[in-house]
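Here is how the chains run, residue by residue.
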Amino acid sequence: MGPMMAAMMMKMAMLKVMAFKVLALLVGKALFVSKLAFLLATVIGLKKLFSQQKHVTYEVVAHPHHESHSSDSYSSAGWGRSSSEAAHNMAYSGQGQ
């Protein structure tokens, strides 16, 4: 029974060593990838810093022009609100005339 216990303990020790080596390999791979990413980011940053071209990025957003409306007429241009009387007249203009 003693040799079987010794073999089992040696097998467990060997599995622990192999697991530690696999873990060390994964850590090394992660370290290498992070160093590579840092190097690429540094190269891109320095390239942008020392480039002669100046890039300006902006977005043009068209806004509607607001126009004032009189209370007795309504224009469809713009986003301004008309008076409540003009809105009432426009909404019920086709009824009861």
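Residues numbered from 1 in each chain as written. Predicted model: local features only at pLDDT ≥ 70, side-chain atom pairs only at ≥ 80, totals over all residues. Heavy atoms only, no water.

## Points about the overall build of the protein chain
Link 1 in the chain: Scanning the protein chain from N- to C-terminus turns up two helices and zero strands.
Link 2 in the chain: The burial tally for the protein chain puts 2% of its 97 residues in the buried class. (Helix = DSSP H or I, 4+ residues; strand = E, 2+ residues; numbered from the N terminus. Buried < 20%, exposed > 50% of the residue type's maximum accessible area, 1.4 Å probe, protein only.)

## Looking at the UniProt feature "signal peptide" (unreviewed entry) in the protein chain
Link 1 in the chain: Feature annotation in UniProt assigns "signal peptide" (unreviewed entry) to the following positions: residues 1–19.
Link 2 in the chain: Counted over residues 1–19, helix gives 95% and strand 0%. Its end C-alpha atoms are 27 Å apart. (UniProt positions renumbered as here; feature names shortened; annotations may be inferred.)

## Things to note about a nonpolar patch on the surface
Link 1 in the chain: A cluster of nonpolar side chains, namely Phe-32, Val-33, Leu-36, Leu-39, Leu-40 and Val-43, defines an oily patch on the protein surface of about 580 Å² accessible area.
Link 2 in the chain: Topologically, Leu-39 is positioned in helix 1 (residues 2–50). (Patch = residues over 30% accessible without salt bridge, like charges linked within 9 Å, V, L, I, M, F, W, Y side chains within 5 Å. Areas by Shrake-Rupley, 256 points an atom, 1.4 Å probe, with all protein chains shown as cover. Salt bridge = Lys/Arg side-chain N within 4 Å of Asp/Glu carboxyl O.)

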